[in-house]
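Residues per chain, in single letters:
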Amino acid sequence: MTTPTGRRERKKAATRQKIADAALRLFLERGYEAVGIRDVAAEADVAVTTLFAHFPSKEALVFDQDQDFERRLGRAVTDRAPGEPLIPALRRETEALVRHCTGDGAAPIWRMIDGSRTLLEYEQSMRLRHAESLAAAIAADLGLPPATTACRTIARFVIDAHSLAREAADPEAALDEIFRMIEAAWAVARPTGDSPAGPAGA
């Protein structure tokens, strides 16, 4: 998670994390459907209004890193070194996100998500939003309209790469395979403005 600066920001981040931790603890102990918003607020020792100031919905409590992941993918595009090709930069960030989502303690959370239609639908809408955000970042980087088809297509491929690798027995091997295909697709569809990967980025 991005480290906040300033006392007020740090306090808000600490409260948000306390709420997220309390929610996850209750969800795993009792089951997602059996826990209500008031239960989470009581466990975190905050008012319900405070909870909603940090999380817009119950589903968002499960995906508390949602906005941070979206920002990280955008920064993989905008903050890459001058001349660095796009796809290797996205591969590097995707690999980091997959490591986070397959770390110790992640398996029970994903089992909970996979067992809830509500959470699966929320995850799908979140992935689509991340893809549109990433497509806009790619298009802006190349000086293109946000709706450029090539940018939107590659963005969706990258978001799907994260999900497919997370579910694979060997996430690293899965990313290697997937990003070879993404690199090939981008080589064909790449609008003017992004340099080819070359030997270093292959």
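Bear in mind the structure is a predicted one, so any value in this text is a computation, not a measurement.

Novice: How should the nonpolar core be read in this particular structure?
Specialist: Generally speaking, a soluble globular protein has its nonpolar side chains buried in company with each other. Counting residues in hydrophobic clusters, the biggest one holds 58 residues, and the most contacted among them are Phe 27, Val 40, Leu 90 and Ile 138. The residues touching Ile 138, leaving out its near neighbours within four places in the chain, are Val 77, Leu 86, Leu 90, Cys 151, Ala 155 and Trp 186.

Novice: What should I look at first to understand unusual backbone geometry in this one?
Specialist: Among all residues save glycine, negative phi is the norm, and among peptide bonds the norm is trans. Not every positive phi belongs to a glycine, and Asp 45 is a case in point at roughly 60°. Relative to the helices and strands, Asp 45 resides in the loop between helix H2 (37–44) and helix H3 (48–54).

Novice: Sorry, what's going on with the layout of surface pockets here?
Specialist: The gaps of empty space that remain are located by a probe, the size of a water molecule, rolled over the atoms. Of the volumes computed, that of the largest pocket is approximately 620 Å³. If you trace the largest pocket, you find 31 residues lining it, with Gln 65, Phe 69, His 100, Cys 101 and Trp 110 closest to the centre. Among the secondary structure elements, those contributing two or more residues to the lining of the largest pocket are helix H1 (7–30), helix H4 (58–62), helix H5 (66–78), helix H6 (86–101), helix H7 (106–114), helix H8 (117–142) and helix H9 (149–167). In the lining of the largest pocket, the residues fall into 16 nonpolar, nine polar and six charged.

Novice: What exactly am I supposed to notice about the pattern of salt bridges here?
Specialist: Under the criterion given, the structure shown has 16 salt bridges. One salt bridge connects Glu 93 with Arg 72, and the closest N-O pair in it is separated by 2.7 Å. Note that Glu 93 is positioned in helix H6 and Arg 72 in helix H5, a separation of 21 residues in sequence. Under the relative-accessibility criterion, Glu 93 is labelled buried at 17%. One network of salt bridges, with partners in common, ties together Arg 91, Glu 95, Arg 99, Glu 172 and Asp 176.

Reading guide: rules and limits
Residues numbered from 1 in each chain as written. Predicted model: local features only at pLDDT ≥ 70, side-chain atom pairs only at ≥ 80, totals over all residues. Heavy atoms only, no water. Core = buried A, V, L, I, M, F, W, Y, C linked by side-chain atoms within 4.5 Å. Buried < 20%, exposed > 50% of the residue type's maximum accessible area, 1.4 Å probe, protein only. Contact = heavy atoms within 4.5 Å. Helix = DSSP H or I, 4+ residues; strand = E, 2+ residues; numbered from the N terminus. 1 Å grid on protein atoms, 1.4 Å probe; cavity = no way out; pocket = protein on both sides within 12 Å on 5 of 7 lines; lining within 4 Å. Points joined across faces, edges and corners; volume = space filled by probe spheres on them. Nonpolar A, V, L, I, M, F, W, Y, C, P; charged D, E, K, R; others polar. Salt bridge = Lys/Arg side-chain N within 4 Å of Asp/Glu carboxyl O.

Geometric descriptors of this kind do not, in isolation, establish any biological role.
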